[in-house]
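Notes for the structure review
So the chains spell out like this:
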Amino acid sequence: MTARVLPEFARATVLVVGDVMLDRYWFGDVNRISPEAPVPVVLVKRTDERPGGAANVARNITALQGNASLISVVGNDEAGESLGRLLDREGVKHTLHRDPELSTTVKLRVIGQQQQLLRIDFERMPSHEVLASKLDAFERQVDAADAVVLSDYGKGGLAHVARMIEAARRHGKPVLVDPKGSDYARYRGATLLTPNRSEFREVAGRWTDEADLERRAQKLRAELDLEGLIVTRSEEGMSLFTAKETWHEPTRAREVYDVSGAGDTVIGVLALMVAAGSDLHAAMKVANHAAGIVVAKLGTAVAHREELEASLAASA
């Protein structure tokens, strides 16, 4: 497979809506145990910040030279300002609605000797008023997009998800959803859902073999009126279910270093491929390679076009 197999992404635009967060990392050395409690003492040597959640989806799109517009809600705080600056740096166009009653979601990870020791989360649900303003922004921007991603992290930012799906389909736009929770009825009518293995099991129940998995997946796909369902299965790869086919892609990861943010990469690349005119089968193949790249990196990460082209070429 050569570089020419990848579509020209520069003309493709994806509108991303969902829960954003700021991923903060404190890296340091661990040389002793605290005398106060049986915990390691981390001497912090450097810090890093990266866009997380739906912001990481958008970041993965621009890393592949596609165009991403992001709509979300943040607090009127330092973390929200920092997230906006990071998105500017990544080339992501963004509409971040400020909610003075909201604290921007922050995930702080403490890393010692390249090992995650602790994660501290700061978060609060957004108000109804700011969510309504986000829906207005969606109606204004959806027509300019080639595909829509709804990235649900269960933080309250997609309270109007059913109305967003209806509006996108009314404008003739494919809608890809990274779901959360056990109530998938609100995603009815989307083009594609991308639950991971445990999320799918929570909704469809445990399966006994591949045939049982296919039966449960096709049943859910039909009930929700989806064009496709992709179950990401960690070390088992990804499985696509449509009305015409069931297709499995084995994992492409040579070394798994950190799976955080891998789902963001998957749905971002899927949406970009669809926005560029690819079918779901081809889109999943490329997204699977992208996932294999990012899990070999520490923290929320992206796959750049050169890396993805090299991975595709190596598997040809």
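In what follows, the accompanying structure is described. (Residues numbered from 1 in each chain as written. Predicted model: local features only at pLDDT ≥ 70, side-chain atom pairs only at ≥ 80, totals over all residues. Heavy atoms only, no water.)

1. Comments concerning the sheet that holds strand β6 (residues 106-112)
Where strands meet in a sheet, backbone hydrogen bonds hold them as pairs that are either parallel or antiparallel. Strand order in the open sheet made by the four strands is β3-β2-β6-β7, with mixed pairing throughout. This sheet does not close on itself; its edge strands, each paired only once, are β3 (40-53) and β7 (115-122). Strand-to-strand twist of the sheet, defined as the mean angle between neighbouring strand axes without regard to direction, takes the value 20°. Relative to β6, strand β2 (residues 20-33) runs parallel, the two sharing seven bridges. Bridging from a neighbouring strand, W26 pairs with V110 of β6. This element, helix α1 (residues 54-63), spans β2 and β3 of the sheet and lies at about 70° to β3. (Pairing = 2+ DSSP bridges. Helix = DSSP H or I, 4+ residues; strand = E, 2+ residues; numbered from the N terminus. Axes fitted to C-alpha atoms, helices over the stretch in contact; angles between N-to-C directions. Contact = heavy atoms within 4.5 Å.)

2. With respect to the packing of helix α8 (residues 280-294) against helix α9 (residues 305-315)
Two numbers describe how α8 lies on α9: the axes approach to 9 Å, and their chain directions differ by 110°. When the interaxial angle is binned, α8 and α9 end up roughly perpendicular. Here the hand of the crossing between α8 and α9 comes out right-handed. Taking contact as the criterion, the partners of V286, H289, A290 and I293 in α8 are, on α9, E307, L308, S311, L312 and S315. Of the residues in the contact of α8 with α9, the class split is five nonpolar, three polar and one charged. (Parallel < 35°, antiparallel > 145°, perpendicular 65-115°, else oblique. Left-handed = near helix turned anticlockwise from the far one by under 90°. Nonpolar A, V, L, I, M, F, W, Y, C, P; charged D, E, K, R; others polar.)

3. Focus: the pairing of strand β13 (residues 246-249)
Of the strand pairs in this sheet, strand β12 (residues 238-242) and β13 are connected by four bridges, and their pairing is antiparallel. Pairing of S239 across the sheet is with H248, part of β13. The turn joining β12 and β13, which pair antiparallel and follow one another in sequence, is formed by three residues.

What is shown is where atoms sit, not what they do.
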